[in-house]
Amino acid sequence: MSKQLVTLNRVVIRFAGDSGDGMQLTGDRFTSETAGMGNDLSTLPDFPAEIRAPAGTIGGVSAFQLAFADHDITTPGDDPNVLVAMNPAALKANLKDLPRGADLIINTDEFTKRNLEKVGYETNPIEDGSLDGYNVHAIALTSQTVEALKGFDITKKEAQRSKNMYALGLLSWLYSRPAEGTRRFLQKKFGHKPEILAANLAAFEAGWSFGETTEIFSVQYEVAKAADLPPGTYRNIMGNPALAYGLIAAAKRSGLPLFLGSYPITPASDILHELAKNHHFGVTTFQAEDEIAGIGGAIGASYGGALAVTTTSGPGIALKSEAIGLAVSLELPLIIVDVQRGGPSTGLPTKTEQSDLLQAMFGRNGESPVPVIAPKSPSDCFYAAIEAARVAIEYRTPVFLLSDGYLANGSEPWKIPQADDLPHIDPNFATAPNHTKADGNEEFWPYLRDPETLARPWAVPGTKGLEHRIGGLEKADGPGNISYDAQNHDTMVHLRQGKIEAIAKTIPDVEVDDPDGDARLLILGWGSTYGPIGAACQISRRAGVKVAQAHLRHLNPFPSNLGEVLRSYDKVIVPEMNLGQLSMLLRAKYLVDIQGLNQVRGMPFKSSELVTAITEAAESM
């Protein structure tokens, strides 16, 4: 059958089904093929915290949203153009986000009376007219998958599990995605189970063929590759693997072995998994029995001369707080990765939030300042990890790296850098005594500081002549002996704070995107709000609103010019996925009337929400 081929510049697809329907795998495969075609893309996985939530319930719905385009995009889209609903729960949970006129692909086999009643449908929405206004494609995906696999030596249940591959084949045909990459993926995943491999391949091909031959779809779509991507070698990357690769790159560029001390926790565990797979790069991973042991091992590794990292989420940071204070006192390099999730307590393990900023800043006893760095996108996690390592090593300090669940699990194209183009990081180990005693003999003082950075020397244990004591009790400035002297304590507190302030000299000024140069309204963000803010500012400018945008990577210390930037605008709005934590810090430091725009729904901002806020703010000025 000859079908019309329509070219689109942007598409947003959402796959949704029961948590056992394989929606994350389906979305991931569609994403990989899309990245391979050269489209720009952004993804938003959304899944339950339970390993296996009750089947057929709203709480058990797993979804994966993907936006892909022929131009640069920064968000997975506000609302999908296409919703694939594998059961009534998926339909009910996601229909509110589907605009009228959008395509709705429904698996009719799951719309049984029992499944409808589970989610409160009194009548079948496919039949009662409630879906009028959508382009509904009602397809018996499950039974058609089972029919396609009749000749295989597998059970009916195993055949039904392949319906996600049938759906993937259908959507791959509908949007002109290549099939060879998925075939290779299935070969690798199920090569040791030939019958399961053959069944999944057959289900994928059957879905593709159904799209090509059915009269339900009279149109096939294509999205050209992004023309504005700089030339180079690209791959699709998620935030957690990008962060892991950044840590490996930092270790290589500093010449240090990489050590990770970690306890598994959602959504940070994939960093542990990724680093464990790359032990051949000189990576040592230690899966500890608890959070405290994880950071204790990392501190010990740093003392021994390694680039040490500990990874966790907000609840783990609470448990590590005393040990972080120890690292501040020791003044040793340490990277503390916090992949933020909804809280408090165990909270929402699979949902995103930016609510750990104040915990990172102040969540320890005493005056214990720590630099804080936040990546802005999944691929930026790579470069933020390298920057965190640079600061930690050069300034001999623990550094917080604040990612979040949206960045960790989201993905985008990443131009793979050349290793030689990455910055060199010099650990500058102490190799000789640094102080002459009154009798003329030399000794090593562990707290004799660099006058520029205020960093103390880093001496690898076992280096002859550099024997020294270290621990959590207060040190005497210079020799590092235990000291309870009041003035010495005051001096050490100010020195540790001064070291953090000195970091501002080596971080770039905050850059403002103000195309016309005369905007009076500034939208300032940090972390994963970068994408939605950027999209909203572009939309607002096309509508004639003059708005400037700036984004912070360094949250402690702030860039040196930040106060000047804030005071140069009549109104500053800070969107955050918390109740206004950065806003509070900015008001306190710069005495500027920052206006917070806050939501804590466990999901990223929609650009449409920010457009509304920008428009209202501009009209009120």
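Here's the deal with the sheet that holds strand 20 (residues 521–526)
Argument step 1. The strand order across the open sheet built from five strands is 19-21-20-23-24, with neighbouring strands paired in mixed fashion. The outermost strands of the open sheet, each flanked by one partner alone, are strand 19 (512–513) and strand 24 (594–598).
Argument step 2. As paired elements, strand 23 (residues 571–576) and strand 24 share five bridges and run parallel to each other. Bridged to valine 574 within strand 24 is glycine 596.

Some details on the pattern of salt bridges
Between side chains of opposite charge, a pair can form as their charged atoms come close.
Argument step 1. This model, assessed by the stated rule, comprises 21 salt bridges.
Argument step 2. For aspartate 97, the salt bridge goes to arginine 14, with nearest N and O atoms at 2.9 Å. With aspartate 97 in the loop between helix 2 (88–94) and strand 6 (103–107) and arginine 14 in strand 2 (residues 10–18), the pair connects residues that are 83 residues apart, well separated along the chain. You'll find aspartate 97 and arginine 14 in the same group, each marked buried.
Argument step 3. A salt bridge links glutamate 205 to arginine 183; the nearest nitrogen and oxygen atoms lie 2.7 Å apart.

Structural notes on the packing of helix 1 (residues 23–36) against helix 6 (residues 163–174)
Argument step 1. Running from amino to carboxyl end, helix 1 crosses helix 6 at an angle of 30 degrees, the nearest separation of the two axes being 10 Å. Taken together, the axes of helix 1 and helix 6 are roughly parallel relative to one another. Helix 1 and helix 6 meet at a crossing whose hand is right-handed. Contacts from Met23, Leu25, Thr26, Arg29 and Phe30 in helix 1 reach Asn164, Met165, Leu168, Leu171 and Ser172 in helix 6.

Some words on the side chain of arginine 390
Argument step 1. Topologically, arginine 390 is positioned in helix 14 (residues 380–395).
Argument step 2. In this structure arginine 390 touches Tyr395, Ile425, Thr506 and Ile507, once residues within four positions along its chain are discounted.

What to know about helix 6
Argument step 1. The terminal C-alpha atoms of helix 6, which comprises twelve residues, lie 16 Å apart, in line with the 16 Å expected from a rise of 1.5 Å per residue.
Argument step 2. Of the residues making up helix 6, those classed as buried are Lys163, Asn164, Met165, Tyr166, Ala167, Leu168, Gly169, Leu170, Leu171, Ser172, Trp173 and Leu174.
Argument step 3. Just past helix 6, the residue serine 176 takes up positive phi, approximately 55 degrees.

Some details on the sheet that holds strand 2
Argument step 1. A sheet is described by the order of its strands in space; here six strands give the open sequence 3-4-2-5-6-7, paired in mixed fashion. Only two strands of the sheet have a single partner each, and these edge strands are strand 3 (40–46) and strand 7 (135–139). When the angles between neighbouring strand axes are averaged without regard to direction, this sheet yields 15 degrees.
Argument step 2. The pairing of strand 3 with strand 4 (residues 61–69) spans seven bridges and is antiparallel. Bridge pairing links leucine 44 to glutamine 65 in strand 4.
Argument step 3. Set on the sheet, helix 1 makes contact with strand 2, strand 3 and strand 4; between it and strand 4 the angle comes to about 10 degrees.

Topic: the packing of aromatic side chains
Argument step 1. Summed over the entire model, instances satisfying the criterion amount to twelve aromatic pairs.
Argument step 2. One aromatic cluster is present, formed by Phe15, Phe30, Phe68, Tyr175 and Tyr221 through successive ring pairs.
Argument step 3. Lying over the aromatic face of tyrosine 121, lysine 92 brings its terminal NZ or CZ to 5.0 Å of the ring centre.
Argument step 4. We note lysine 376 situated over the ring of tyrosine 530; from NZ or CZ to the ring centre the distance is 4.3 Å.

Quick notes on the rules
Residues numbered from 1 in each chain as written. Predicted model: local features only at pLDDT ≥ 70, side-chain atom pairs only at ≥ 80, totals over all residues. Heavy atoms only, no water. Pairing = 2+ DSSP bridges. Helix = DSSP H or I, 4+ residues; strand = E, 2+ residues; numbered from the N terminus. Salt bridge = Lys/Arg side-chain N within 4 Å of Asp/Glu carboxyl O. Buried < 20%, exposed > 50% of the residue type's maximum accessible area, 1.4 Å probe, protein only. Axes fitted to C-alpha atoms, helices over the stretch in contact; angles between N-to-C directions. Parallel < 35°, antiparallel > 145°, perpendicular 65-115°, else oblique. Left-handed = near helix turned anticlockwise from the far one by under 90°. Contact = heavy atoms within 4.5 Å. Expected span 1.5 Å × (residues − 1). Phe/Tyr/Trp six-rings, centres within 6.5 Å; stacked < 30°, edge-to-face > 60°. Lys NZ or Arg CZ within 6 Å of the ring centre and 35° of its normal.

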